[in-house]
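# Chain and residue survey
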Amino acid sequence: MKNNLLGKRYLVRIFWILILGIIWESIALSGRFSPLIFPSVQNVIESLFKSIISGEIIGETLYSLNLICKSLFIGIIIAMVLSILSVRSKVFEGLVETLIAIAHPLPGIALLPLIILWLGTGSSAIVFIIVHSVVWPMVLNLSTGFKSIPNIYKQLGDNYELGLFEIIRHILIPASFPYFLAGVKIGWARAWRALISAEMVFGAAGGIGGLGWFIFKKRVFMDTAGIYSGLIVIVLIGILVEDMLFNKLEKATVKKWGMSI
Amino acid sequence: MSMILEIKDLSKYFIAENEKLLVLDNINMTVNKGEILCILGPSGCGKSTLLNQIAGFDKPDIGYIKLNKTIISKPELNRIMVFQDLNQLFPWKNVLHNVVFPLKANKIGNSKLERLKKAEKYLSMVKLEDFHNYYPHQLSGGMKQRAAIARALAINPEILLMDEPFGSLDIQIRTSLQKMVIDIWQKTNITVIFVTHDIQEAITLSHRIVVMDKNPGRIKNIINNTLPRPRNSIDSVFSEMYKKVYNLLEE
């Protein structure tokens, strides 16, 4: 039943994508717009396949994904440390709240000139921007998560004489997991946006760039179909991560536990 | 009957708005091994506070509580609390693992199999044998409390502490769970301290009833309840006892 519904959802999606594709194609074929602005679906797909076969887009996608995984990992670690500190100590709570108030409204891109001064234009600058855009919303989520752990779990932990390891592994982590997951989802979405924008500005560092760089190159060469193929890859990765990774993870954890927030 | 727990000259204050509020005033009582003792009183009489001191979640300001002649200073496995809160199970563990987890954490039982056997035994005792794989959110309120009782019993505590565990359940479920508590007591002969504000519940379960007064919380009287079991609230002896306890509470 559930599988059927899910299958139906995909069918509906594919149906609308087809409809939109047909509308697109007929506008392109009508010749009202220059193919430089409005390439046909066929051109876009051709261009996508060409870049897949040449390995160009694959290499650049992997480069982007590698950067984003690295930065998300660093971001999660920093966010965990900051939120644990802010939950454990009143002094740190004030500091972390102030940091969030200052840094959270700052778009990563606005920091670009500064970051270029500090770190140059290499991949470490991109990592910095992603980490910045990921850390603050994650700290907010994680510390809310830690604070929302009901007091009764602490009493149970005391009463059943649980050790620190058991309390962390079997109570604190699962109890705050819904917030953690929500934080990672926001983090991922923000990281992905930050990454693409940063790559467009920085271009390739040391001869290799990511998806943002791919799109940027295509614009330089006036390869509009190529730009669209880059966009398609970005959308596909977004859908894959959302549907495959996050939805599966939610089903296996918070949904199974009845703990959605 | 031998004494298992002794509460001596216990007083407890709460600080509220810079004012010292006396919540428990000079409590003296003992608990016998293998009895069901009910602590009965109106809300605000400090009965849950008293139970928290016995559990070790909180310390008395004056006086002491001794379990087997040792002063209680912190929560321990020999006194396990079952709370009123319907969310006392861990939602991320299924029913079976909610029971197994504390056993495993305390290395009770020699093997995984032994722990599973033990958990299964107590889950059957609370009639949850068909719900091992259920997660807490899939259970009714009554089933959750039964699982929590099984988890407490599996530890094999000397005293089972129950803080209005059936307080948020409807009357039918409550009655059947009361029967279950008596059933468990007959099988295990465990000592139970049961806090409630429900006179009928206290009479149904207890060997003795500690009747408390509020503002400040103190013991009014301790009533021996020798009604023959099974007890039925429509029996005339039951209603006589009810009147007696009711009048004492109203005094």
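Residues numbered from 1 in each chain as written. Chains lettered and ligands numbered in written order. Predicted model: local features only at pLDDT ≥ 70, side-chain atom pairs only at ≥ 80, totals over all residues.

## Overview of the domain arrangement of chain B
Residues and elements named next belong to chain B. According to the domain assignment, chain B consists of domain 1 (3-78 + 158-250) and domain 2 (87-156). Computed from C-alpha atoms alone, the centre-to-centre distance between domain 1 and domain 2 is 25 Å. The partner domain 2 presents nine residues to the twelve residues of domain 1 that form the contact. When residues in the side of domain 1 that touches domain 2 are grouped by element, the largest group, six residues, is from helix α5 (residues 171-188). A breakdown of the residues in the side of domain 1 that touches domain 2 according to their chemical character gives nine nonpolar, two polar and one charged. (Domains from an automatic or database assignment. Contact = placed C-beta atoms within 7 Å. Helix = DSSP H or I, 4+ residues; strand = E, 2+ residues; numbered from the N terminus. Nonpolar A, V, L, I, M, F, W, Y, C, P; charged D, E, K, R; others polar.)

## A word on unusual backbone geometry
Among all residues save glycine, negative phi is the norm, and among peptide bonds the norm is trans. Residue and element names in this part refer to chain B. Between N215 and P216 the backbone carries a cis peptide bond, its omega angle lying at -5°. If you trace the backbone, P216 turns up in the loop between β9 (208-213) and β10 (218-224). Each neighbour pair has its own omega, and for R229 with P230 the value is -5°, a cis peptide bond. Within the secondary structure layout, P230 lies in the loop between β10 and α7 (236-250). Unlike most non-glycine residues, K107 shows phi in positive territory, near 50°. Within the chain, N156 stands out as a residue other than glycine whose phi angle is a positive 60°. Assignment of secondary structure puts N156 in the loop between α4 (141-154) and β7 (159-163). Residue classification places N156 among the partly exposed positions, given that 15 C-beta atoms sit within 10 Å. (Buried ≥ 20, exposed ≤ 12 C-beta atoms within 10 Å, placed from the backbone.)

## Quick look at the pairing of strand β8 (residues 191-196) of chain B
Walk down a regular strand and you will see the side chains alternate between the two sheet faces. Residue and element names in this part refer to chain B. Taking burial as the measure, the six residues of β8 include six buried ones, the bulk of the element. On β8, burial covers both faces: T191, I193 and V195 on one face and V192, F194 and T196 on the other are all buried. The pairing of strand β3 (residues 36-40) with β8 spans five bridges and is classified as parallel. Its bridge partner lying in β8, L40 is registered against T196. As paired elements, β7 and β8 share five bridges and run parallel to each other. Along β8, the bridge assignment pairs M162 with F194. (Pairing = 2+ DSSP bridges.)

## Things to note about the environment of B:L123
All names here are of chain B. Within the secondary structure layout, L123 lies in helix α3 (residues 112-125). Distance from L123 to Y246, taken between C-alpha atoms, is 36 Å for residues 123 residues apart in sequence. Excluding residues within four positions of it along the chain, L123 makes contact with V95, L96, V99, L128, E129, H132 and A150.

## Quick word on the domain arrangement of chain A
Residues and elements named next belong to chain A. What the domain assignment lists for chain A is domain 1 (1-32) and domain 2 (38-257). Of the residues lining the interface, six residues belong to domain 1; the matching set on domain 2 comes to four residues. When grouped by side-chain class, the residues that make up the side of domain 1 that touches domain 2 number four nonpolar, one polar and one charged.

## Focus on the nonpolar core
Residues B:C38, B:A150, B:L161 and B:I193 are the most contacted members of the largest nonpolar core, which totals 65 residues. Looking at this core element by element, the count peaks at eight residues for α4(B). When residues are assigned to domains, this core turns out to be shared by domain 1 (3-78 + 158-250) and domain 2 (87-156) of chain B, each giving three or more. If near-sequence neighbours (up to four positions away) are discounted, B:C38 is found in contact with B:F194, B:T196, B:A202, B:L205, B:S206, B:I209 and B:V210. Counting 46 residues, the second largest nonpolar core, distinct from the first, contains A:I57, A:L82, A:V131 and A:L195. (Core = buried A, V, L, I, M, F, W, Y, C linked by C-beta atoms within 7 Å.)

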